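A closer look at the structure
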Amino acid sequence: MTAAQTAARIRQNLADLRANRERELQIIGADLSTLIKLRVQGSGENYLNTKFSPYTPGYATQRRKAGAQTQYVDFTRTGRLWASVYPDVQGNSAVMTVVISAHGQDNKDKVEGAVKKRGNILHPSQEELDLAEEANNQRVLKYLQI
């Protein structure tokens, strides 16, 4: 490959990197969102990998009667909250940020209530952030191949 061909390939790879960035960050964000949901719903752990404070006895009784699990707090009653949680990519051509949040005012209110009572339930753990960072690094590296 000539120097001119190599330079053209590098320019094309950079253009592809920019063109695909938002879509690929959306995928990474969706993976990160899924990891958060799995952690909270599957084990009742916060981003520090410690259990959320338990349900009050009265609410635990209500959940039991409804057939819901009560061994740990999973923030799942109907499932609508978790179905509304997904990533949005925000930013411009220089900087983009993946924001994972609940959508719909009723679900935003549920998250806000949870934050006041038990902390930010949508905060990723360090392990989850590390996985997302590695996925992003791999995303960039694939465009640096010549």
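Refer to the preceding data block for the structure.
Right, let's walk through the structure included here. (Residues numbered from 1 in each chain as written. Predicted model: local features only at pLDDT ≥ 70, side-chain atom pairs only at ≥ 80, totals over all residues. Heavy atoms only, no water.)

This part is about the environment of T70. Assignment of secondary structure puts T70 in the loop between α2 (57-65) and α3 (80-83). Placed 14 residues apart in sequence, T70 and T56 show a C-alpha to C-alpha distance of 9.9 Å. Those residues in contact with T70 that sit more than four places away from it in its chain are Y55, A60, R63 and R64. (Helix = DSSP H or I, 4+ residues; strand = E, 2+ residues; numbered from the N terminus. Contact = heavy atoms within 4.5 Å.)

Moving on, we get to the pairing of strand β1 (residues 85-91). Of the strand pairs in this sheet, β1 and strand β2 (residues 96-102) are connected by seven bridges, and their pairing is antiparallel. For V89, the partnering residue across the bridge sits in β2 and is V98. The loop that links β1 with its antiparallel partner β2 comprises four residues. (Pairing = 2+ DSSP bridges.)

A separate point is the pattern of salt bridges. This model, assessed by the stated rule, comprises five salt bridges. Between E24 and R139 there is a salt bridge, with the nearest N and O atoms lying 3.6 Å from each other. Within this pair, whereas E24 is found in helix α1 (residues 3-43), its partner R139 is found in helix α5 (residues 126-143), the two being separated by 115 residues in sequence. Judged by its relative accessible area of 7%, E24 is buried. For the salt bridge of E112 with K116, the shortest nitrogen-to-oxygen distance reads 3.4 Å. Taken together, the positions of E112 and K116, both in helix α4 (residues 105-118) and four residues apart, correspond to about one turn of that helix. Taking relative accessible area as the criterion, K116 reaches 66% and is therefore assigned exposed. When salt bridges that share partners are traced, they join E24, R139 and K142 into one network. (Salt bridge = Lys/Arg side-chain N within 4 Å of Asp/Glu carboxyl O. Buried < 20%, exposed > 50% of the residue type's maximum accessible area, 1.4 Å probe, protein only.)

This part covers the nonpolar core. One broad rule of soluble globular proteins: the nonpolar side chains tend to lie buried together. Counting residues in hydrophobic clusters, the biggest one holds 21 residues, and the most contacted among them are F75, L81, W82, V85 and I121. Looking at which element gives the most residues to this core, the answer is α1, with five residues. When near neighbours in sequence (up to four residues on either side) are disregarded, F75 contacts V40, F52, Y55, L81, W82, A114, R118 and I121. (Core = buried A, V, L, I, M, F, W, Y, C linked by side-chain atoms within 4.5 Å.)

On to the environment of L25. Tracing the backbone through its elements, the reader meets L25 in helix α1. The buried category is assigned to L25, whose relative accessible area is 9%. Residues contacting L25, with those up to four places away along its chain left out, are V89, M96, V98, N136 and R139.

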